[in-house]
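# Inside the fold
If you want the building blocks of each chain, they are given just below.
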Amino acid sequence: MERQEMIRDLNQQIESLARLHLRHGLYDSEGFRLQRERVERLVREHKVNVRQELDPQIRMLYKRYFD
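To keep things clear, this report deals only with the structure shown in the data block.

Reading guide: rules and limits
Residues numbered from 1 in each chain as written. Predicted model: local features only at pLDDT ≥ 70, side-chain atom pairs only at ≥ 80, totals over all residues. Heavy atoms only, no water. Helix = DSSP H or I, 4+ residues; strand = E, 2+ residues; numbered from the N terminus. Rg over C-alpha atoms; globule rule 2.2 N^0.38 Å. Contact = heavy atoms within 4.5 Å. Areas by Shrake-Rupley, 256 points an atom, 1.4 Å probe, with all protein chains shown as cover. Lys, Arg positive; Asp, Glu negative; His and termini not counted. Charge placed at Lys NZ, Arg CZ, Asp CG, Glu CD. Phe/Tyr/Trp six-rings, centres within 6.5 Å; stacked < 30°, edge-to-face > 60°. Buried < 20%, exposed > 50% of the residue type's maximum accessible area, 1.4 Å probe, protein only. Axes fitted to C-alpha atoms, helices over the stretch in contact; angles between N-to-C directions. Parallel < 35°, antiparallel > 145°, perpendicular 65-115°, else oblique. Left-handed = near helix turned anticlockwise from the far one by under 90°. Nonpolar A, V, L, I, M, F, W, Y, C, P; charged D, E, K, R; others polar.

### Section: the overall build of the chain
Of the regular secondary structure elements, the chain holds four helices and zero strands. Start at the N end of the chain and walk to the C end: the helices and strands fall as α-α-α-α. Radius of gyration (C-alpha) of the chain: 11 Å, near the 11 Å computed for a compact globule of 67 residues. The principal-axis extents of the C-alpha atoms in the chain amount to approximately 30 × 20 × 20 Å. Taking as baseline every contact in the chain between residues at least 6 positions apart, the subset at least 24 positions apart corresponds to 65%. Of the accessible surface of the chain, which amounts to about 4,900 Å², a share of 43% is contributed by carbon and sulfur atoms. Across the chain, the centroid of the 14 positively charged side chains sits 3 Å from that of the 12 negatively charged ones.

Here it is in structure tokens:
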């Protein structure tokens, strides 16, 4: 997968995580946990520098759920 395409996918995955939490209130659900694990795996496997490579709004969401 091309780097920019992977970053785009990561941005979408993080947005999906926020939707599960904020819109649907599924913070404690299995789906939320699995989505969170997917995001962590993408960041780890592709060695994403979240400070430099994520969109600013997505970076704030990332910090909310992972810092």
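### A closer look at the packing of aromatic side chains
Aromatic ring pairs are described here by two measures, namely the spacing of the ring centres and the angle between the planes. Tallying each qualifying case throughout the model produces two aromatic pairs. Centroid distance Phe-32 to Tyr-65: 5.8 Å. Interplanar angle 65 degrees. Geometry classified as edge-to-face. Residue Phe-32 is located in helix 2 (residues 30-45), and its partner Tyr-65 is located in helix 4 (residues 56-66); the two are separated by 33 residues in the primary sequence. Residue Phe-32 shares its accessibility class with Tyr-65, and that shared class is buried. Centroid distance Tyr-62 to Phe-66: 4.7 Å. Interplanar angle 25 degrees. Geometry classified as stacked. Pair noted here: Tyr-62 and Phe-66 are both in helix 4, with a separation of four residues, about one helical turn. According to the relative accessible area criterion, Phe-66 is buried, its value standing at 16%.

### Some thoughts on the packing of helix 1 (residues 3-22) against helix 2
It is at 10 Å that the axes of helix 1 and helix 2 come closest, and there the two elements cross at 155 degrees. Of the possible angle classes, the one that applies to helix 1 and helix 2 is roughly antiparallel. Relative to helix 2, helix 1 is oriented so that their crossing is left-handed. Counting all contacts with helix 1, which are made through Met-6, Asp-9, Leu-10, Gln-13, Ile-14, Ser-16, Leu-17, Leu-20 and His-21, the residues of helix 2 involved are Gly-31, Phe-32, Gln-35, Arg-36, Arg-38, Val-39, Leu-42 and Val-43. In terms of residue class, the contact of helix 1 with helix 2 is built from nine nonpolar, five polar and three charged.

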